Amino acid sequence: MKKWITLFVCLLFTTAVLMAGGCSKREEPTKPIAKVVKPSEPEKKAEGGKSAEVKPATQIIDTINKYMDAFNANDLDTVMTCFSDDAIYQPGDGKTHKGKAEIRAAFDPQFDYAFGAMRFDELDRIIDVENRKLTIRYVCRHDISQMKPRGLFMSLGKIVLRLVYGEKFGWQGVDVFHFDAEGKIKEKYSYSWFGSRPHFQRELG
């Protein structure tokens, strides 16, 4: 019986986390293990002193770096500047958030520490410049000592999570991004479910 209660509370917690859609904390992210494309110079001067068109690879890299840095600085305003006005976001829970207002509302709880202090640590990055797509594999780390739970279930979840995993734990996931012609994120898809929930690991905290 205790096992099922624990699993149920963890499921509620992780469903809310995934609906929020990212990880953030006021810490510098760890250096990625590998990147397929290295940032090039932002702009090259064309003949006559005029600026040449920014290359798609540069646009994508600049946007995703800004996005990741803003998440880990807990800066939701800057995060939202990385999205196009008509962007869509699917966090993997069966829901689709359309437009900046809905995406911001989905992100808001985690930026208010509803799931504790959180951050992305990037592990791998794959860029498809031709199709303007990028995939990141990451570890999302939680420190629930700073958690500000919303409601009874989240409060119970904090107690159970602390008993099972301690105050710090993490889970692995993959995000897929699509970019428009201006280098803005127009689609974001998150994948981190393993069975009924992400695979929490104390050693990833």
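Just so you know, the residues in each chain are numbered from 1, in the order the chain's sequence is written. The predicted origin of the model limits local features to residues at a pLDDT of at least 70 and limits the giving and counting of side-chain atom pairs to 80 or more, whereas totals for whole chains, interfaces and linings rest on all residues. As a convention, hydrogens and water are excluded, and side-chain values are obtained from all of the structure's heavy atoms.

Quick notes on the overall build of the protein
To keep things clear, this is the line we draw: The secondary structure listing takes helices from DSSP runs of H or I that are at least 4 residues long and strands from runs of E that are at least 2 residues long, numbered from the N terminus. We call a residue buried when its accessible area falls under 20% of the maximum for its residue type, exposed when it is over 50%, and partly exposed in between, using a 1.4 Å probe and counting protein chains only. In this analysis, two residues are considered to be in contact whenever any of their non-hydrogen atoms come within 4.5 Å of each other. To measure how exposed things are, a 1.4 Å probe is used in the Shrake-Rupley method; for residues, cover is taken only from the protein chains shown.
A tally of regular secondary structure across the protein gives 5 helices and 7 strands. Ordered by position from N to C terminus, the α and β elements of the protein give α-β-α-α-β-β-α-β-β-α-β-β. In the protein, which comprises 205 residues, the share counted as buried stands at 46%. The contacts in the protein between residues at least 6 apart in sequence include a share of 70% that link residues at least 24 apart. Just so you have it, the protein exposes about 10,700 Å², and 55% of that area is on carbon and sulfur atoms.

A look at the pairing of strand S7 (residues 185-191)
Threshold: When DSSP finds two or more bridges between two strands, those strands count as paired.
Burial analysis of S7 places 5 of its 7 residues in the buried class, which makes it a mostly covered element. Bridge count for strand S2 (residues 83-90) against S7 is 4 bridges, and the pairing is parallel. Residue pairing for S7: isoleucine 88 is matched across the bridge by glutamate 187. Counting the residues between successive antiparallel strands, the hairpin from strand S6 (residues 168-179) to S7 contains 5 residues, one of them, glycine 183, with a positive phi of roughly 85°.

A look at the nonpolar core
Keep this limit in mind: Residues belong to a common nonpolar core when they are buried Ala, Val, Leu, Ile, Met, Phe, Trp, Tyr or Cys residues joined through side-chain atoms within 4.5 Å.
Counting 38 residues, the largest nonpolar core has Ile64, Tyr67, Val79, Phe83, Phe107, Leu134 and Phe177 as the members making the most contacts within it. Where this core is concerned, the elements lending two or more residues are helix H2 (56-72), helix H3 (76-81), S2, helix H4 (99-111), strand S4 (117-128), strand S5 (133-143), helix H5 (152-165) and S6. Those residues within four positions of valine 79 in sequence are excluded, and the remaining contacts are Tyr67, Ala70, Phe71, Phe107 and Phe111.

Concerning unusual backbone geometry
Positive phi values are uncommon outside glycine, yet asparagine 74 reaches one of about 60°. Here asparagine 74 is to be found in the loop between H2 and H3. Accessibility expressed as a relative area gives 13% for asparagine 74, which makes it buried. For arginine 132, which is not glycine, the phi torsion reads 55° and is therefore positive.

Details of the environment of arginine 150
Basically, it comes down to this: Polar contact is defined as a pair of N or O atoms within 3.5 Å, subject to the rule that within protein one atom must be able to donate a hydrogen and the other to accept it, and that residues adjacent in sequence are counted only when both atoms are side-chain atoms.
For arginine 150, the location among the structural elements is in the loop between S5 and H5. Look at arginine 150 and you get partly exposed, because its relative accessible area is 41%. Not counting chain neighbours up to four residues away, the residues in contact with arginine 150 comprise Asp108, Pro109, Asp112 and Ala114. Within the structure, arginine 150 has its side chain in polar contact with the side chain of aspartate 108 (distance 3.4 Å). Here aspartate 112 takes part through its side chain, which lies 3.3 Å from a polar atom of the side chain of arginine 150.

A closer look at the pattern of salt bridges
Short version of the rule: Salt bridges are defined as contacts in which a side-chain nitrogen from Lys or Arg sits within 4 Å of a carboxyl oxygen from Asp or Glu.
Following the criterion strictly, the structure yields 10 salt bridges and no others. Note that aspartate 112 and arginine 150 form a salt bridge whose closest N and O atoms lie 3.3 Å from each other. Of this pair, aspartate 112 sits in the loop between H4 and S4 while arginine 150 sits in the loop between S5 and H5, placing them 38 residues apart in sequence. For aspartate 112, a relative accessible area of 37% translates into the label partly exposed. Among the salt bridges present, the one from aspartate 121 reaches arginine 119, with a minimum N-O distance of 3.3 Å. As far as the burial class goes, aspartate 121 and arginine 119 line up, both buried. Taken together, the salt bridges that share partners define one network made up of Asp108, Asp112 and Arg150.

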